[in-house]
Amino acid sequence: MTQVDTAETGQEGRRDTDSGAWSASIRRAIRRGSRPEPWKRGPVLVAAALLLGLLMLLHAEIPNRVGNLGSLVETFLPWFGVFVPVLLAAALWRRSASAVVALLLPVTVWLSLFGGMLSDKSHAGSDLTVASHNVGADNPDPAGTARDLVASGADVLALEEITPQARGVYEKGLAKAYPYHTVLGTVGLWSKLPISDTRPIDIGMDAGPLGATKPAAVKLTYNRALRATVATHHSPLTVYVAHLGSARVNPRAGFVTDSRDRNAQLLGKALASEKSKRVVLLGDLNGTTDDRALAGLTSRLRSAQEVAGDGFGFSWPATLPVARIDQILVRGVQPDSSWVLPGTGSDHLPVAAGISW
């Protein structure tokens, strides 16, 4: 009995010792946290964390008057979240409790803006698969690109940046899988279902009074937007294909988007007057859905990637995608899934989506 009692007493002693050590650790942590030093350290880090959070929260208030700064920030807005772990590491290194707490602001804002993109929202069972690809004017292998696009299994396929030299290659390579197609200028639409009512859409490729003097036949050679009707098994589907003007970062002028913004405004007006209930816009819009310049489009159509995609779906540049500027926007149909297709010879990645009625 004495040996058992001694053992039990030893175990209880160890438990008391462990409990005492744990309590002591808690008290030390509380004392450290209550000391003024950790809360006074890192004022620069605190300011940086708060500034980061406010920048993301109030991005729409950043003016575009100087170098289109607002649009530039919105183009790469998801990437501002990368600064959070950097600031967190610096705050822990400096042992700055105030900086750690300040980081709650950018974390909360980022999650409210993009947290939904972290989950897979896609599901099976779509009625129609649509795809879009800027095939690239400098594509060294248009025939291989055509084969890759056929392998995607898309029912409706939009191509942008078709050159006169490559047009015949795409028409030949896609003919067997897509018996119906139309090409107007540098954009085209291929379909397994009949296409009708095709017409160009004026998105203001010619700026200034001289544009009005050019004959329609000349303008058609560099046309970059079209509208067509695809006869699906459910009901007619209105399909727009567009390639908006380029956006460039210039050290002197800033984020140059004049042609892109003009094109987006006119395309938005065309969509505003569109009577069809079911609309799909496919194309290279040279802008993300966060960019205010595309508000005329995103206010009328939903992004298939945001509704039914998995992740951000970045599509450009193909070698290391950092932004989704190739879009599939819809109205009157339900996006079931959205994804990025494997790369081709283009500097853009193709994008696809499944939609249902």
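Residues numbered from 1 in each chain as written. Predicted model: local features only at pLDDT ≥ 70, side-chain atom pairs only at ≥ 80, totals over all residues. Heavy atoms only, no water.

Trainee: Explain the overall build of the protein chain to me, and be specific about the residues and the numbers.
Mentor: Within the protein chain, the regular secondary structure consists of 13 helices and 14 strands. Residue burial in the protein chain is summarised as follows: out of 357 residues, 44% are buried. Sequence separation of at least 24 residues holds for 70% of the intrachain contacts in the protein chain that already meet a minimum separation of 6. Put simply, the protein chain shows about 18200 Å² of open surface, and 60% of that area lies on carbon and sulfur atoms. (Helix = DSSP H or I, 4+ residues; strand = E, 2+ residues; numbered from the N terminus. Buried < 20%, exposed > 50% of the residue type's maximum accessible area, 1.4 Å probe, protein only. Contact = heavy atoms within 4.5 Å. Areas by Shrake-Rupley, 256 points an atom, 1.4 Å probe, with all protein chains shown as cover.)

Trainee: I'd like a rundown of the packing of aromatic side chains, residues and numbers included.
Mentor: One pass over the structure, following the stated rule, counts six aromatic pairs. Note on tryptophan 110 and phenylalanine 114: the rings are 5.7 Å apart at their centroids and 55° apart in plane angle, and the pair reads as tilted. Of this pair, tryptophan 110 and phenylalanine 114 both sit in helix α7 (residues 104-114), four residues apart, roughly one helical turn. Neither tryptophan 110 nor phenylalanine 114 differs from the other in exposure class; each is buried. Feature note: the residues Trp79, Trp110, Phe114, Phe312 and Phe314 constitute an aromatic cluster, connected by ring pairs. (Phe/Tyr/Trp six-rings, centres within 6.5 Å; stacked < 30°, edge-to-face > 60°.)

Trainee: Please provide a residue-by-residue account of the sheet that holds strand β13 (residues 334-340), values included.
Mentor: With mixed pairing, six strands are arranged side by side in an open sheet as β3-β4-β2-β1-β14-β13. Only two strands of the sheet have a single neighbouring strand rather than two, namely β3 (180-184) and β13. For this sheet, the mean inter-axis angle between neighbouring strands, taken without regard to orientation, is 15°. Where β3 lies against strand β4 (residues 187-191), five bridges are found, and the strand directions are antiparallel. Bridge assignment links valine 183 to a residue of β4, and that residue is glycine 188. (Pairing = 2+ DSSP bridges. Axes fitted to C-alpha atoms, helices over the stretch in contact; angles between N-to-C directions.)

Trainee: Hey, could you go over the sheet that holds strand β7 (residues 236-243) for me, with residue numbers and the actual values?
Mentor: Two modes of strand pairing occur in sheets, parallel and antiparallel, and in both the strands are linked by backbone hydrogen bonds. In space, the six strands of this open sheet follow the order β5-β6-β7-β10-β12-β11, with mixed pairing throughout. A strand with exactly one partner marks an edge of an open sheet, and here the two such strands are β5 (195-200) and β11 (302-303). As paired strands, β5 and strand β6 (residues 225-231) are joined by four bridges and run antiparallel to one another. Opposite isoleucine 195, over in β6, you have valine 230 as the bridge partner. Across the sheet, helix α11 (residues 258-272) lies against β7, β10 (279-284) and β12 (326-331), angled at about 170° from β7, the strand it touches most.

Trainee: Mind laying out the packing of helix α3 (residues 43-57) against helix α5 (residues 83-94), listing which residues take part and the relevant values?
Mentor: The contact between α3 and α5 brings their axes to 10 Å, and the two run at 160°. Between α3 and α5, the interaxial angle falls into the category roughly antiparallel. Regarding α3 and α5, the two cross each other, and that crossing is left-handed. Contacts between α3 and α5 pair Leu45, Ala48, Ala49 and Leu52 from the former with Phe83, Val84, Leu87, Ala90, Ala91 and Arg94 from the latter. A class-by-class count of the residues in the contact of α3 with α5 yields nine nonpolar, no polar and one charged. (Parallel < 35°, antiparallel > 145°, perpendicular 65-115°, else oblique. Left-handed = near helix turned anticlockwise from the far one by under 90°. Nonpolar A, V, L, I, M, F, W, Y, C, P; charged D, E, K, R; others polar.)

Trainee: Before we move on, can you summarise the packing of helix α8 (residues 142-151) against helix α9 (residues 164-174) with the specific residues and values?
Mentor: Axis separation between α8 and α9 bottoms out at 9 Å; the angle between their running directions is 35°. The way α8 lies across α9 gives a crossing that is right-handed. Residues Pro142, Ala143, Thr145, Ala146, Leu149 and Val150 of α8 pack against Ala166, Val169, Tyr170, Gly173 and Leu174 of α9.

Trainee: Account for α3, naming residues and giving values.
Mentor: Compared with the 21 Å implied by 1.5 Å per residue over 15 residues, the 21 Å span of α3 between its first and last C-alpha is a close match. Three or more residues of α3 are buried, namely Leu45, Val46, Ala49, Leu52, Gly53 and Met56. One side of α3 holds all its buried residues, which, seen down the axis, span an arc of 130°. Along α3, the residues that are exposed and aim more than 90 degrees away from the buried face are Pro43, Val44 and Leu51. On its buried face, α3 sits against α5, α6 (97-102) and α7. (Expected span 1.5 Å × (residues − 1). Arc of directions from axis to C-beta.)

Trainee: Pulling in residues and values, what's your account of α8?
Mentor: Pro142, Gly144, Thr145, Ala146 and Leu149 are the residues of α8 that are buried. Looking at the buried positions of α8, the neighbouring elements they touch are β1 (128-134), β2 (156-160) and α9. Glycine 153 sits one or two residues past α8 and shows a positive phi near 80°.

Trainee: Please provide a residue-by-residue account of the pattern of salt bridges, values included.
Mentor: This model, assessed by the stated rule, comprises seven salt bridges. One continuous salt-bridge network, built from bridges that share partners, spans Asp197, Arg199, Arg227 and Glu274. (Salt bridge = Lys/Arg side-chain N within 4 Å of Asp/Glu carboxyl O.)

Trainee: Residue-level account of unusual backbone geometry, with values.
Mentor: Tryptophan 316 connects to proline 317 through a cis peptide bond whose omega is -15°. Tracing the backbone through its elements, the reader meets proline 317 in the loop between α13 (304-308) and β12. Phi is positive for aspartate 197, close to 55°, though the residue is something other than glycine. Look at aspartate 197 and you get partly exposed, because its relative accessible area is 44%. For asparagine 286, which is not glycine, the phi torsion reads 50° and is therefore positive. You can see asparagine 286 is positioned in the loop between β10 and α12 (295-298). Given the relative accessible area of 12%, asparagine 286 is considered buried.

Trainee: Which residues make up the environment of valine 183, and what are the values?
Mentor: Position of valine 183 among the secondary structure elements: in strand β3. Given the relative accessible area of 10%, valine 183 is considered buried. Considered as a pair, valine 183 and asparagine 223 are 40 residues apart in the sequence and their alpha carbons are 9.6 Å apart. Each residue touching valine 183, except ones within four places of it in the same chain, is listed here: Ile162, Arg167, Glu171, Gly188 and Trp190.

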